[in-house]
Amino acid sequence: MKYAVTTLLLPSLLASLAMAAPVPAAKLTLRPSYGGAVIDGRVYVPTPDTLVGAWSAVGAARLMRCSPICEVVSSLPMKNTTVLGSESTYRIALGGQFIRGQRIAVSLRFRSGRVLVTTAVVNR
């Protein structure tokens, strides 16, 4: 009887914990550039975390830190709301061909194990 109660309560407890935990969110667009596109937008994380990877349908993206010149890095620090793009210190570059108005699914993986899947629309 004790085993039956545990197996019934455990899934509901885990589901309630998953619903209560704040999750990362993003509002992104893609700006075409030479040989690909650069992600512009904001990424919100509820607690400080580190972005360790980004992917789209065309493959893996490159994480870059630009101050004063751009260099490829293995991770980007994320604190609350982080701005990404050509006017920011941090950039994510995707290679490939993009068409104006096209929607691209982008997956962002964080060191904490969370994965954020969002869409970005190609501008210009």
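In short, a report on the structure.

Conventions we followed
- Residues numbered from 1 in each chain as written.
- Predicted model: local features only at pLDDT ≥ 70, side-chain atom pairs only at ≥ 80, totals over all residues.
- Heavy atoms only, no water.
- Core = buried A, V, L, I, M, F, W, Y, C linked by side-chain atoms within 4.5 Å.
- Buried < 20%, exposed > 50% of the residue type's maximum accessible area, 1.4 Å probe, protein only.
- Helix = DSSP H or I, 4+ residues; strand = E, 2+ residues; numbered from the N terminus.
- Contact = heavy atoms within 4.5 Å.
- Pairing = 2+ DSSP bridges.

1. What to know about the nonpolar core
If you look at the biggest cluster of nonpolar residues, it comprises 24 residues, and the most contacted ones within it are Leu 30, Ile 92 and Leu 108. Counting residues per element, the ones that place at least two in this core are strand S1 (25–33), strand S2 (36–44), strand S3 (49–56), strand S7 (76–78), strand S9 (90–95), strand S10 (103–110) and strand S11 (115–122). Looking at this core element by element, the count peaks at four residues for S10.

2. Notes on the side chain of Arg 31
Position of Arg 31 relative to the elements: it lies in strand S1. By relative accessible area, Arg 31 is classed as buried at 16%. Here Arg 31 is in contact with Ala 37, Val 38, Asp 40, Ser 86 and Arg 124, once residues within four sequence places are set aside.

3. Overview of the environment of Thr 29
With respect to the helices, strands and loops of the structure, Thr 29 is situated in strand S1. With a relative accessible area of 26%, Thr 29 lands in the partly exposed category. Beyond its immediate chain neighbours, meaning those up to four positions away, Thr 29 contacts Val 38, Ile 39, Asp 40, Ala 120, Val 121 and Asn 123.

4. What about the side chain of Thr 50?
Looking at the element boundaries, Thr 50 is found in strand S3. Owing to a relative accessible area of 16%, Thr 50 belongs among the buried residues under this scheme. Other than its neighbours up to four places away in sequence, Thr 50 contacts Ser 75, Leu 76, Pro 77, Met 78, Arg 109, Phe 110 and Arg 111.

5. Quick look at the environment of Thr 119
Counting through the fold element by element, Thr 119 comes out in strand S11. Between the alpha carbons of Thr 119 and Lys 27 there is a distance of 8.2 Å; along the sequence they are 92 residues apart.

6. Examining the pairing of strand S6 (residues 70–73)
Taken together, the four bridges between strand S5 (residues 62–66) and S6 define a ladder with antiparallel strand orientation. In the strand pairing of S6, Arg 65 is matched with Glu 71.

Read these as geometric descriptors, not functional statements.
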